[in-house]
Amino acid sequence: MAGKTLYDKVWDAHFVGRRQDGNSLIYIDLQLLHEVTSPQAFEGLTLNKRPLWRVGANLATPDHNVPTDQRALGLQGITDTVALEQVITLDKNCKAFGVEQFDILDRRQGIVHVVGPEQGATMPGMTIVCGDSHTSTHGAFAALAQGVGTSEVEHVMATQCLVQNKARNFAVVVDGEMAPGVYAKDIILAIIGRLGTAGATGHTLEYMGSTIRNLSMEGRMTLCNMSIEAGARAGMVAVDDTTIDYIRGRPFAPEGALWQQAEQYWRSLVSDADAEFDRSLELDAASISPQITWGTSPEQVAGVGERIPDPDQFDDPVQKEAAQHALKYMDVTPGTPITDIQLDRVFIGSCTNARIEDLRAAAAVVRGKKVAANVKQVLVVPGSGLVKAQAEAEGLAQIFVDAGMQWRDAGCSMCLAMNPDKLGPGEHCASTSNRNFEGRQGHAGRTHLVSPATAAAAAIAGHFVDVREWL
Amino acid sequence: MQAFTSHKGTVAPLDRVNVDTDQIIPKQYLKSIKRTGFGDYLFDGWRFHDEGDIGITPNERDINHNFVLNKPAYQGASVLLARDNFGCGSSREHAVWALQEFGFRAVIAPSFADIFYGNCFKNGLLPIVLKEESIEKLFAEVGAGYELSIDLAAQQVVAADGAVYSFDIDAGLKEKMLNGMDDIAMTLAEKELIDTFETSHKQAQPWLFMRDQV
């Protein structure tokens, strides 16, 4: 019999059994909550007089629609009354149900997918859900972490279980050394470019190979974060020293004898040598250049040295039409170099790229330079209050401010523009976020997904450049 | 949850791949703490030229008459015919709520994104996967007044000319949909199973339960 994959192991360790209707139940160790997808779930519990199954398995923080300036004002800083009601509702629900929350004024507040790992709340071998598709981020810790809808949020609140069929196993093997100026973001965009946005639907991805082993936890989180952009609900990386070293000493991590016991178990969370995967994809990291999306789907991506594609090069008529539609929306011209795209705004932030390592990479490019005259605004939004404090202590914030960039408070910000940070109609934005969908960053806005270093270089140049030449 | 047994209704075609949930219901409407009130904003960026927000009604908006759902032929449509990877992107269940409130009872596509597909079954919106060639045939045939009949028990979609399109569906999901069962109640019926698992899980990985004492 073939060995088990990492996903098989975590699934098996959480398989509760089958319900009467034949559906599988898996046990959920941690549910992360934020203001947008939880109110209807809490309301459902209240209406049906159901308690939380396990209060201690929940952790909350507001992130999606909190403003990123004037944080000291707290709730008073939220001028949108509908958004304010939502953040207040999270406060009320957490108090009523006894859920631990890092509220808007807590220095630990931030994007849920930055906060969980930073606190050590995310641990290897866990099952994690959150009403947010980028929950896949936590898979970097060999956790099975999945985004769920609000009904599933309520279901996990009430039962600590998720009704689910097992996914298939998909190995993504990346070997070789990345060139300086190429980052985890470029790897995942290249993977999505190969697989397509539905390429991994029904699968759990496991990222492996020498390149992945050499990535920091921040890099692995960037990679796993965008698994959903390839259609996979979850992406995972096996446990190694990098994983263990990251967790040790964090506030929620076990200590003493419990740590020893946990570490021993965690180190078993790797795919067996003889494990079989249903599908696989191999990539050579050395062949990957900085990636830039040109369209309205993350799969519409090209290397920095390439040109905007001609729709006629797509054989499939449906893909061809999708490309035509995207080129029109984005107002980019087939055959022109991707570096010709002029930028109006730049966004460095999001659950994909707002950790300390991302800010260091951006600051290294920006140091001593000024934002280009044609760029109206550069937002640098740290992923959490603690990332913000660290970046300030390291002098990174000052580098951004000296260059003419805006240094903000933690939140999702312009990744999805639910708060006041947004693009104007027709504006082009170099963004370190995860989705270039139509209107994602603001009505009629145009998003180009890139790494923090490429975004920083674009802010300085006013258009896209090959950041490898700057390092 | 609303049960789904059978349905006959007008079909509207949405001829685009990778329709993401940001298009189905844009972010500004997610600020609502309710489960209702999203139908007016379905496909907001495509149905209207101007930017909307919660509280702004459709008759105050700049309507895009070229968008398929605004065409007279497809008024009152309750079956959406779509392309590959429908519902990709954000996990927002608001996308399903918006489609239902607008009047859709079923979506037919060659493939769906996983989270959206699951969300449909929590609400009684039936996602039907048909083969690529069947989808092509339906896109070629659909027009004003084109209707389809859907029979979930028989797992069939039937056109007016008698053409029958069979579809596969997980037996458990089908059962749940046919009866409109309360998912949480069904799981809570297995309380003993969960309790037993939890006890052994706590023994095996006690560090996962550290926050219970807080």
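Residues numbered from 1 in each chain as written. Chains lettered and ligands numbered in written order. Predicted model: local features only at pLDDT ≥ 70, side-chain atom pairs only at ≥ 80, totals over all residues. Heavy atoms only, no water.

All names here are of chain B. Overall, the coordinates contain 20 aromatic pairs over all chains when judged by the stated rule. Consider the rings of Phe112 and Phe116, whose centres lie 6.3 Å apart with planes at 10 degrees: the pair is stacked. Taking the relative accessible area as the measure of exposure, Phe112 reaches 6% and is therefore buried. An aromatic cluster is defined as three or more aromatic residues linked by ring pairs; in this entry it consists of Phe86, Phe112, Phe116, Tyr117 and Phe121. Lying across the ring of Trp46, Arg16 places its NZ or CZ 3.9 Å from the centre. (Phe/Tyr/Trp six-rings, centres within 6.5 Å; stacked < 30°, edge-to-face > 60°. Buried < 20%, exposed > 50% of the residue type's maximum accessible area, 1.4 Å probe, protein only. Lys NZ or Arg CZ within 6 Å of the ring centre and 35° of its normal.)

We now examine the interface of chain A and chain B. Listed per partner, the contact involves 85 residues of chain A and 63 residues of chain B. Summed over both sides, the interface between chain A and chain B buries roughly 6,000 Å², with carbon and sulfur atoms accounting for 57% of that surface. In terms of surface lost to chain B, no three residues of chain A exceed Gln40, Trp53 and His443 of chain A, which account for 11% of the buried area on that side. There are 8 salt bridges connecting chain A and chain B. A salt bridge links Arg54 of chain A to Asp212 of chain B; its shortest N-O distance comes to 3.0 Å. In this structure, the connection of chain A to chain B is made through 37 residue pairs in polar contact (both at pLDDT 80 or more). Counting residues per element, the side of chain A that touches chain B draws most heavily on helix α5 (residues 150-159) of chain A, at 7 residues. Of the residues contributing to the side of chain A that touches chain B, the split by class is 34 nonpolar, 32 polar and 19 charged. (Contact = heavy atoms within 4.5 Å. Buried area = accessible area lost by both parts, 1.4 Å probe. Salt bridge = Lys/Arg side-chain N within 4 Å of Asp/Glu carboxyl O. Polar contact = N/O pair within 3.5 Å; in protein donor to acceptor, adjacent residues only side chain to side chain. Helix = DSSP H or I, 4+ residues; strand = E, 2+ residues; numbered from the N terminus. Nonpolar A, V, L, I, M, F, W, Y, C, P; charged D, E, K, R; others polar.)

Assigned domains within chain B: domain 1 (6-179) and domain 2 (182-214). Taking only C-alpha atoms into account, the centre of domain 1 of chain B sits 36 Å from that of domain 2 of chain B. (Domains from an automatic or database assignment.)

For the rest of this paragraph, the subject is the sheet that holds strand β2 (residues 24-27) of chain A. An order of β1-β2-β8 (chain A) is seen for the 3 strands of this open sheet, with the pairing classed as antiparallel. Two strands lie at the open edges of the sheet, namely β1 (15-18) and β8 (161-163) of chain A, each paired on one side alone. Taken over all neighbouring pairs, the strand axes of this sheet differ in orientation by 25 degrees on average, direction set aside. Across 3 bridges, β1 of chain A lies against β2 of chain A in antiparallel orientation. Looking across to β2 of chain A, one finds that Phe15 of chain A is bridged to Ile26 of chain A. On the sheet, helix α8 (residues 191-204) of chain B packs against β1, β2 and β8 of chain A and is oriented at approximately 160 degrees with respect to β1 of chain A. (Pairing = 2+ DSSP bridges. Axes fitted to C-alpha atoms, helices over the stretch in contact; angles between N-to-C directions.)

With that out of the way, let us pick up the layout of surface pockets. Unoccupied space between atoms shows up once a probe the size of one water molecule is rolled over them. Empty space within the largest pocket amounts to approximately 1,100 Å³. Looking at the largest pocket, it is lined by 50 residues, and the ones nearest its centre are His325 and Glu438 of chain A together with Arg16, Gln23 and Trp46 of chain B. Among the elements of the structure, α11 (317-330) of chain A together with α1 (21-24) and α2 (44-47) of chain B are those that each provide at least two residues to the lining of the largest pocket. In terms of residue count, α11 of chain A provides more of the lining of the largest pocket than any other element does, 9 residues in total. Split by residue class, the lining of the largest pocket holds 19 nonpolar, 17 polar and 14 charged. In this structure, the second largest pocket occupies an estimated 820 Å³ of space. Along the walls of the second largest pocket sit 31 residues, with Asn165 and Gly202 of chain A together with Asp114, Tyr117 and Leu173 of chain B positioned nearest its centre. Secondary structure elements with two or more residues in the lining of the second largest pocket: β7 (144-147) and β10 (203-208) of chain A together with α4 (114-121) and α6 (171-179) of chain B. (1 Å grid on protein atoms, 1.4 Å probe; cavity = no way out; pocket = protein on both sides within 12 Å on 5 of 7 lines; lining within 4 Å. Points joined across faces, edges and corners; volume = space filled by probe spheres on them.)

Core analysis: the biggest nonpolar cluster contains 114 residues, and Phe43, Phe86 and Leu126 of chain B have the highest contact counts within it. No other element matches helix α15 (residues 452-461) of chain A, which puts 7 residues into this core. Those residues in contact with Phe86 of chain B, other than ones at most four positions away along the chain, are Leu14, Val19, Ile24, Phe43, Leu80, Leu99, Val107, Ala109, Ser111, Phe112, Ala113 and Phe116 of chain B. Residues Trp53, Ala230 and Ala285 of chain A together with Trp207 of chain B belong to the second largest nonpolar core, which totals 96 residues. (Core = buried A, V, L, I, M, F, W, Y, C linked by side-chain atoms within 4.5 Å.)

The next thing to look at is the environment of Thr150 of chain A. Within the secondary structure, Thr150 of chain A is located in helix α5. Under the relative-accessibility criterion, Thr150 of chain A is labelled buried at 0%. Through-space distance from the C-alpha of Thr150 of chain A to that of Cys130 of chain A is 9.0 Å; in sequence the pair is 20 residues apart. Thr150 of chain A has contacts with Thr37, Gln40 and Ala41 of chain A together with Arg35, Glu93 and Trp97 of chain B, leaving out every residue within four places of it along the chain.

Attention now moves to the side chain of Gln109 of chain A. All names here are of chain A. Locating Gln109 in the fold gives a position in the loop between β5 (100-101) and α4 (112-119). A distance of 3.4 Å separates a polar side-chain atom of Gln109 from the backbone oxygen of Ala410. Apart from residues lying up to four places away in sequence, Gln109 is in contact with Thr61, Pro62, Asp63, Val66, Arg71, Phe102, Asp103, Ile104, Val115, Ser384, Gly385 and Ala410.

Residue and element names in this part refer to chain A. Within the secondary structure layout, Leu396 lies in helix α14 (residues 396-402). What makes Leu396 buried here is its relative accessible area of 5%. In sequence terms Leu396 and Arg194 are 202 residues apart; their C-alpha atoms lie 35 Å from each other. Contact partners of Leu396, with chain neighbours within four places excluded, come to Ile356, Leu359, Arg360, Ala363 and Ala391.

Turning our attention to helix α3 (residues 94-102) of chain B. Burial of α3 of chain B is extensive: 7 of the 9 residues sit out of reach of the surface. Along α3 of chain B, the positions that sit buried rather than exposed are His94, Ala95, Val96, Trp97, Ala98, Leu99 and Gln100 of chain B. Lining the buried residues of α3 of chain B we find α2 (39-47) and α5 of chain A together with α1, β2 (79-81) and α4 of chain B.

On to the pattern of salt bridges. One pass over the structure, following the stated rule, counts 41 salt bridges over all chains. Across the pair Asp80 of chain A and Lys31 of chain B runs a salt bridge whose closest N-O atoms are separated by 2.4 Å. With Asp80 of chain A in the loop between β4 (58-60) and α3 (81-97) and Lys31 of chain B in the loop between α1 and α2, this residue pair bridges two chains. A residue is classified by how much of its surface remains accessible, and Asp80 of chain A, at 25% relative accessible area, is partly exposed. On the accessibility criterion, Lys31 of chain B (4% relative accessible area) is buried. Residues Lys31 of chain B and Asp53 of chain B are paired through a salt bridge, measuring 3.6 Å at the closest nitrogen-oxygen approach. With a gap of 22 residues between them, Lys31 of chain B in the loop between α1 and α2 and Asp53 of chain B in the loop between α2 and β2 connect regions that are remote in the sequence. Residues participating in the shared-partner salt-bridge network are Arg19 and Asp21 of chain A together with Lys122, Lys176 and Asp183 of chain B.

Residues and elements named next belong to chain A. With 17 residues, α3 should cover 24 Å at 1.5 Å per step; its first-to-last C-alpha distance of 24 Å lies within 8% of that length. Within the sequence span of α3, burial applies to Ala83, Gln86, Val87, Thr89, Leu90, Asp91, Asn93, Cys94 and Phe97. Where α3 is buried, its residues touch α2, β4 and β5. Backbone geometry just after α3 places Gly98 at a positive phi near 75 degrees. (Expected span 1.5 Å × (residues − 1).)

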